[in-house]
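Spelled out from the first residue to the last, the chains are:
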Amino acid sequence: MKKFQVPQFIEIESRIFGPLTLKQFIYLIGGAGIIFILYKFLPFWLMIFFSIPVGGIAVALAFYKVNNQPFIRVLESAFHYTTSSKIYIWKKQQIEKKPEAKRETKLPEHRQMYIPKITKNKLKDLAWSLDIKENR
């Protein structure tokens, strides 16, 4: 009989580039590449202005998690939310009720139950007697 090893921890990505996974490495290299292109084609002060958000997004994509979900999934959900239609129309519909014939069902004698009527005085007396028993 052959024995097979069952892989464990399959939801954890393997570290390929030192302490980084492949996705983290690609996000950071992509952010660094965009910042390098900005450095080559823009004046320094304008490059700094644009590279701070690009670097922040690259670091967030690589490391930040929201409710244990990767940041890319949050961005994807935000994109779908902003691009989808948001018009929700509720139309009240009239439901026609068919008149039911009122019929009294009489239970057999052995299944009928006697329900005593409780007046306010009886209810107060009962509540007070329960309060007194709790305090003893």
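Caption draft 1: Broad picture of the layout of surface pockets. The volume enclosed by the largest pocket comes to roughly 510 Å³. Together, 19 residues line the largest pocket, and Glu-13, Thr-21, Lys-23, Lys-65 and Pro-70 are the ones closest to its centre. The set of elements that each furnish at least two residues to the lining of the largest pocket consists of helix H1 (22-41), helix H2 (44-63), strand E2 (69-70) and helix H3 (71-83). For the lining of the largest pocket, the class distribution of residues is 8 nonpolar, 4 polar and 7 charged.

Caption draft 2: Geometry of the side chain of Gln-24. Among the structural elements, Gln-24 can be located in helix H1. Polar contacts involving the side chain of Gln-24 include one to the main-chain amide nitrogen of Thr-21, which spans 3.0 Å. Gln-24 has contacts with Arg-15, Pro-19, Ala-62 and Phe-63, leaving out every residue within four places of it along the chain.

Caption draft 3: Structural detail: unusual backbone geometry. Positive phi, normally seen in glycine, also occurs at Asn-67, with a value near 50°. Within the secondary structure layout, Asn-67 lies in the loop between strand E1 (65-66) and E2. Its relative accessible area of 74% is what places Asn-67 among the exposed residues. Phi at Asn-68 is positive, roughly 65°, even though this residue is not glycine. Relative to the elements of secondary structure, Asn-68 occurs in the loop between E1 and E2. A relative accessible area of 66% places Asn-68 in the exposed class.

Cut-offs and rules
- Residues numbered from 1 in each chain as written.
- Predicted model: local features only at pLDDT ≥ 70, side-chain atom pairs only at ≥ 80, totals over all residues.
- Heavy atoms only, no water.
- 1 Å grid on protein atoms, 1.4 Å probe; cavity = no way out; pocket = protein on both sides within 12 Å on 5 of 7 lines; lining within 4 Å.
- Points joined across faces, edges and corners; volume = space filled by probe spheres on them.
- Helix = DSSP H or I, 4+ residues; strand = E, 2+ residues; numbered from the N terminus.
- Nonpolar A, V, L, I, M, F, W, Y, C, P; charged D, E, K, R; others polar.
- Polar contact = N/O pair within 3.5 Å; in protein donor to acceptor, adjacent residues only side chain to side chain.
- Contact = heavy atoms within 4.5 Å.
- Buried < 20%, exposed > 50% of the residue type's maximum accessible area, 1.4 Å probe, protein only.

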